[in-house]
Every structure is written in structure tokens, then in C-alpha cells.
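# Observations on the three-dimensional arrangement
Residues per chain are reported as follows:
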Amino acid sequence: MTRGDAEAAPQVEQAGARRTAAVDAPEILLLEAREVPLGGLRGMQVHRSLPQRALPTVGAWCFLDRFGPQTTTMRVEPHPHIGLQTVTWPLVGEVRHRDTLGSDVVVRRGVLDLMTSGAGIAHSEYSLGDGPLPLDALQLWVALPESRRHGPPAFEQHEGLPVVALGDGAEATVVMGTFAGTTSPASAYTPLVGAELRLPAGTRVRLPLDAAWEHAVAGVSGDLQVAPGAGAAPVPLAPQHLLYLAPGHEGVDLVAATDVTAFLLGGEPFESDIVMWWNFVGRSHEEIVEAREAWEADAPRFGHVVGHGPERVPAPPLPGVRLTRRRRRN
């Protein structure tokens, strides 16, 4: 997914961040997603939960958009990526993915579409049909570590992902990484977790966490409260809100007043601060400039997306300041 024009500029302070912490307890941070345009398309409703100034990454997770729920026509023309994995997780509707490796697939509910950019790849995303259709999905990015970010691009699709029973009918689909001893078949290059959580109305379950990792729970639908620890008041987590949990949490309680869907992100604190601009994740200003110039020059580095002609998303102008690394939380 191409990032919105608003994200071409340096990151902007997000209003509404609320920090809470009990004495001697790990910090939590409640953030509200902001609405952004998507790659020049003004007809799509997109809310961005990550990155934010208060929270640039959660483990290796560096980006979380939700496009929907809405009835729309999605047409995201070929655009480039470097240094990351795109994780597409549809909730409603179907999306056609095409890329420079020759992949041409339809992504639908329950199917993971995972693209690893390595040093460079390009892809397009279209909703099916010519007219507006119901569409709702999560688009996430994972920053690649030094050991993989300069490597070749790759694409994989996974159906029948493993499911973990949480009790009382609640369950978690392990989309990426490992959760509660269960591991997704999708390729991951740092220790992390990405899991969809589904809780029936009236459920209270314990969500096990790795205390050495940082985590976040993103509200998708329903009335959910998260109790982050002994002595801490439950935190209401509405759709389009994200609750960050610093390392030190061995688990949290989830309380669902209605049927709930949420998404769990987490991982080992990432190895490096990153420079993130447009669709690129790097480590320096110069690296981003080089990638932008290569895309604008139609260099072989990104290839040509199967089934497309000359249409492509142009790179926005670079800001008039030097791009700096997004600092990790301490």
C-alpha cells in the first residue's frame, strides 16, 4: 500500500495520546488513529495508527493503516517499497495484488498476503470489479533487519493460518510470528507476533505476552476493555484506537461487552532506529534519496508490475529538511 501524501512530510505530533502507568508498573500508552489520504486517492477512508510521534514502532512493526469500513473502488497504481514487509489482512472484500515478481493474486478474508521488499519491489492493489464494493482491511508493515533488508524481493500467500483457543469461545489467528507457542508459516526475520483476536460478547480472557517484548492491541470492532495489570484500571479500547504496552507485561485481560475483533502486534524491540519516508524504510537520509531517484528514473531496481503499462504512482517531493531516524521508545 502506498502511503498518503500527508506522510511525505516529517512526522507530526499526534494529539490525544494518553500515557498511564501504575507505580513500578510498565508504561501503557493509548493512541487514536488519524485520518489520512491514500496515495492521491481522496475517495478512500484511511486511518493510521502507526507510526506516531509518541510511538514510531512496536517491535519491528512500523506501520498500521485501516482502509474501511466503506463502499469504494480501490485503485492503487504501481508504487515502490524498500526495507520492509507488507502484511495485508482483509476484513471485508477482496483485493487484487500484482507485483514485479509476476505475482497476480486475489487476497480475501482469512488469507495473508505477505510481500518482502528487500532492496526493492513494486506492486499495485485493486479492488475487484469496476464499481464500488464493500471494503475493509488492515495494512501493516514490518521493518526488515540489517540481515535481510538488502536481499532479494519475495512474495507469499498463506491460507489456513493456525488458530489458538483463548477460552470461552475466544480465539486468536496467528498471522505473523509466534503467539502462545504457536507459529505462523509466514516468513519473519525478527522475533514478533501479529494475531487477530476474536472474542464473543460477555467474554473475559487472559492474553499471554512475552514480558521481554513490547506489544500493542489495536481495536477493530466491538466494545473492548483491556486490563493491563494488577492494580491498573481497565482501559476502554474503541475501534481505531491502539493501546501500547511496554516490555514487562506477562499478559493482559481482555473483556468484551459485545462481539469484538482486535489485532495484537508485538515483538522484540527493533535492532535500530529507522528512517521512514513515503514507502521506504531505511537507515539514512541518503539511502531514501537514492531509492526515490531510482523510482523516478524507472530504474531496474524496482522492476515492472505484471499487467500494467506506464501508469505508476510518482514519488512526492522530499521535504526541505534532512530526514532523521525515528527514535525508539526507552
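Everything in this summary refers to the structure shown in the same document.

This next bit is on the sheet that holds strand β20 (residues 224–227). The 4 strands are arranged β18-β23-β20-β21 in an open sheet whose pairing can be described as antiparallel. Each edge of the open sheet is held by one strand with a lone partner, namely β18 (204–208) and β21 (235–237). Neighbour-to-neighbour, the strand axes of this sheet turn through a mean angle of 30°, independent of strand direction. Here 3 bridges tie β20 to β21, and the two strands are oriented antiparallel to one another. Within the sheet, the bridge partner assigned to Q225 lies in β21 and is P236.

On to the sheet that holds strand β11 (residues 121–127), then. Taken in spatial order, the 4 strands line up as β6-β11-β8-β9 in an open sheet, and their pairing is antiparallel. Two strands close off the open sheet at either side, each with one partner strand: β6 (75–81) and β9 (104–107). Ignoring which end each strand starts from, the neighbouring axes of this sheet average 20° apart. Two elements, strand β8 (residues 95–99) and β11, share 5 bridges in a ladder whose sense is antiparallel. Looking at β11, one finds that R98 is bridged to S124.

With that settled, consider the pattern of salt bridges. As enumerated under the stated definition, the model contains 14 salt bridges in all. With a shortest N-O distance of 2.6 Å, E196 and R198 are connected by a salt bridge. R198 matches E196 in its accessibility class, with the two residues each being buried. Through salt bridges with shared partners, a single ionic network connects R109, E171, E196 and R198.

Glancing now at the pairing of strand β23 (residues 251–256). Most of β23 is tucked away, with 5 of its 6 residues classed as buried. When β18 meets β23, the two strands line up antiparallel, connected through 5 bridges. Of the residues in β23, the one forming a bridge with V205 is L254. The pairing of β20 with β23 spans 4 bridges and is classified as antiparallel. Paired with L224 across the two strands is A256, which belongs to β23.

Between the first and last C-alpha of helix α1 (residues 285–296) there are 17 Å, a value that for 12 residues agrees with the 16 Å anticipated at 1.5 Å per step. All buried positions along α1 are accounted for by H285, E287, I288, V289, A291, R292, A294 and W295. Close packing links the buried residues of α1 with β6, β11, β25 (275–277) and β26 (280–282). Looking one or two residues beyond α1, the residue adopting positive phi is D298, at roughly 55°.

Take unusual backbone geometry next. Backbone torsion omega between L50 and P51 reads 5°, so that peptide bond is classified as cis. Counting through the fold element by element, P51 comes out in the loop between β4 (41–50) and β5 (61–72). The omega torsion of the bond from G68 to P69 falls at 0°, within 30 degrees of zero and hence cis. Note on placement: P69 falls in strand β5. With a phi close to 55°, D168 is a non-glycine residue in the positive phi region. Despite not being glycine, D298 has its phi angle at roughly 55°, a positive value. Its relative accessible area of 51% is what places D298 among the exposed residues.

Next up on the list: the nonpolar core. By size, the foremost hydrophobic cluster in this structure holds 39 residues, and its most contacted members are W61, V87, L112 and M176. Per-element tally for this core: the top contributor is strand β12 (residues 133–143), with 5 residues. Residues contacting V87, with those up to four places away along its chain left out, are W61, L112, D113, L114, L138, Q139, L140, V142, V175 and M176. Listed in part, the 29 residues of the second largest apolar core include I28, L30, L197 and L207.

Scanning the entire structure with this criterion turns up 6 aromatic pairs. Both rings, one in F280 and one in F302, keep their centres 6.4 Å apart while their planes meet at 20°; by these two values the pair is stacked. Here F302 lies in the segment after α1 and F280 lies in strand β26, a separation of 22 residues in the sequence. A ring pair is formed by W295 and F302, whose centres lie 5.7 Å apart and whose planes are at 85°; its orientation type is edge-to-face. For the pair W295 and F302, one class covers both residues: buried. The structure contains a cluster of three or more aromatic residues connected by ring pairs, namely W277, W278, F280, W295 and F302.

Quick notes on the rules
Residues numbered from 1 in each chain as written. Predicted model: local features only at pLDDT ≥ 70, side-chain atom pairs only at ≥ 80, totals over all residues. Heavy atoms only, no water. Pairing = 2+ DSSP bridges. Helix = DSSP H or I, 4+ residues; strand = E, 2+ residues; numbered from the N terminus. Axes fitted to C-alpha atoms, helices over the stretch in contact; angles between N-to-C directions. Salt bridge = Lys/Arg side-chain N within 4 Å of Asp/Glu carboxyl O. Buried < 20%, exposed > 50% of the residue type's maximum accessible area, 1.4 Å probe, protein only. Expected span 1.5 Å × (residues − 1). Contact = heavy atoms within 4.5 Å. Core = buried A, V, L, I, M, F, W, Y, C linked by side-chain atoms within 4.5 Å. Phe/Tyr/Trp six-rings, centres within 6.5 Å; stacked < 30°, edge-to-face > 60°.

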